[in-house]
Amino acid sequence: MKTTPDLRVPLVDLAAQHAEVDEEIQAGLKDVFARTAFIGGTYVAEFEESYAQWLGSRHCIGVGNGTDALELALRACGVEPGAEVILPANTFIATAEAVSRTGGRPVLADVDPQHLLIDPQSVQQAAGPNTQALMPVHLFGQTAPVEQLEATARRFGSVIIEDAAQAQGAERFGRRAGTLGDAAGTSFYPGKNLGAAGDAGAVLTSSTDIAGRVRLLADHGSTVKYLHEVPGMNSRLDAVQAVVLSAKLARLEAWNERRREAASYYAELLSGIAGLVLPSTAEGNTDVWHIYAVRVPAAERNRVLEALTGAGIAAAIHYPVPVHLTAAYAHLGYGPGDFPVSEDAAARLISLPIYPHLERGQQEYVAATLAETLR
């Protein structure tokens, strides 16, 4: 198997990213530790305000992680135990977990075959009188067609809650992901376009009522210490993560542009390779390329992954098992063949390295190795 010890291409290069912001972060952390102001405080408030303004949302509420953000958004929007929430089968399991943690029932929909985003027609077919929420996922740095879900939401009186964990800065017809529904949850897991130095997340909404309920629920159901209005949870963004996120937010526009340039160069390098399907941008979208996922023939995927790995290229699969085929959600009663587009994607996708500091020479090496393997 081909090996190249002098060249390694990681899936994500966080070291290069952090080197760019290190001085600013160190100064902020020194101040946080000097003040011993670790929970809440000025740094958290400033980041929340800055991120809300950057997105075009009225409110940003920092929380512990992206899964909590989705659960809190669901609960704050009034989704009740036993309610049905429609989400795509092609997503990370956290989307479904957030529904389960509210006591709701995930109801799955398929995705469109070109962009692998939630299919509005499949949502319409899955919706019913017990549907209280629709949860489109902005997958891989794209924005789902939220406006095409609005008629179904109105018909059943459902809220729309965006899973915006992979799409910080992505746009649809000029509006940013996270501002298109009633509320949104996002993740600042370190590998995201906007990543913390640990777990972190946020709820976005332009509703003052929803924002107030999120803050209440995220802080033990309390707005006054030791007075608890409802059973809540402990999910708060800490000042250390806010320092990191603020430093990176100031650079996110430029970093997302570098991702777009890298995606464009991959498209140039990889076009015309037999058996390879490249990702593309949907009409009205401005993508931020959190993941660059190509499709290869299912029978070839293991061989292709082995060849890339052997050549020092870190590739991955997002995601190898659709939600309905995981053991965790076998109780939903779905089976093989129920969501054919999601199942086909799960068998064929390979994620190639993409990040703001990816060099053209690295991309050329990835493309040459992939082309040689598929030839």
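Structure first, text after, so check above.
Participant: Kindly report on unusual backbone geometry, identifying the contributing residues and their values.
Facilitator: The residue after H318, namely Y319, is reached through a cis peptide bond having omega 5°. On the secondary structure map, Y319 appears in the loop between α9 (301–310) and α10 (340–348). Unusually for a residue other than glycine, F173 sits at a positive phi of about 50°. With respect to the helices and strands, the residue F173 is situated in the loop between β6 (171–172) and β7 (175–176).

Participant: Can you lay out α10 for me, pointing to particular residues and giving the numbers?
Facilitator: Among the residues of α10, those classed as buried are S342, E343, A345, A346 and R348. Of the surrounding secondary structure, the elements contacted by the buried residues of α10 are β13 (292–295), α9 and β14 (349–352).

Participant: Would you mind going over the pairing of strand β3 (residues 105–109) in detail, with residue names and values included?
Facilitator: Within β3, four of the five residues are buried, leaving the element largely enclosed by the surrounding structure. Sheet topology places strand β2 (residues 84–88) next to β3; five bridges connect them, and they run parallel. Following the sheet pairing, V85 is matched in β3 by P106. In this fold, β2 hands off to helix α4 (residues 94–101), which returns the chain to β3; that crossover is right-handed.

Participant: Explain empty space enclosed by the protein residue by residue, including any values.
Facilitator: The final tally for this structure, using the stated rule, is one cavity of 30 Å³ or more. Quantified by volume, the largest cavity comes out at close to 130 Å³. Along the wall of the largest cavity there are 13 residues; nearest its centre are H115, F140, Q142, P279 and A293.

Participant: Provide a residue-level description of a nonpolar patch on the surface, including the pertinent values.
Facilitator: Side chains of F33, F38 and I39 sit close together on the surface and give an oily, nonpolar patch of about 300 Å² of accessible area. Its place among the elements puts I39 in the loop between α1 (14–35) and α2 (42–55). Judged by its relative accessible area of 54%, I39 is exposed.

Participant: Summarise the packing of aromatic side chains; cite the residues concerned and give the values.
Facilitator: In this structure the tally under the stated criterion is nine aromatic pairs. Where F47 meets F188, the ring centres are 5.6 Å apart and the plane angle is 80°; that geometry is what we call edge-to-face. Remark: F188 occurs in the loop between β8 (183–187) and β9 (201–205) and F47 occurs in helix α2; sequence separation between them is 141 residues. A residue is classified by how much of its surface remains accessible, and F47, at 0% relative accessible area, is buried.

Scoring rules and cut-offs
Residues numbered from 1 in each chain as written. Predicted model: local features only at pLDDT ≥ 70, side-chain atom pairs only at ≥ 80, totals over all residues. Heavy atoms only, no water. Helix = DSSP H or I, 4+ residues; strand = E, 2+ residues; numbered from the N terminus. Buried < 20%, exposed > 50% of the residue type's maximum accessible area, 1.4 Å probe, protein only. Contact = heavy atoms within 4.5 Å. Pairing = 2+ DSSP bridges. Right-handed = clockwise from strand over helix to strand, strands pointing away. 1 Å grid on protein atoms, 1.4 Å probe; cavity = no way out; pocket = protein on both sides within 12 Å on 5 of 7 lines; lining within 4 Å. Points joined across faces, edges and corners; volume = space filled by probe spheres on them. Patch = residues over 30% accessible without salt bridge, like charges linked within 9 Å, V, L, I, M, F, W, Y side chains within 5 Å. Areas by Shrake-Rupley, 256 points an atom, 1.4 Å probe, with all protein chains shown as cover. Salt bridge = Lys/Arg side-chain N within 4 Å of Asp/Glu carboxyl O. Phe/Tyr/Trp six-rings, centres within 6.5 Å; stacked < 30°, edge-to-face > 60°.

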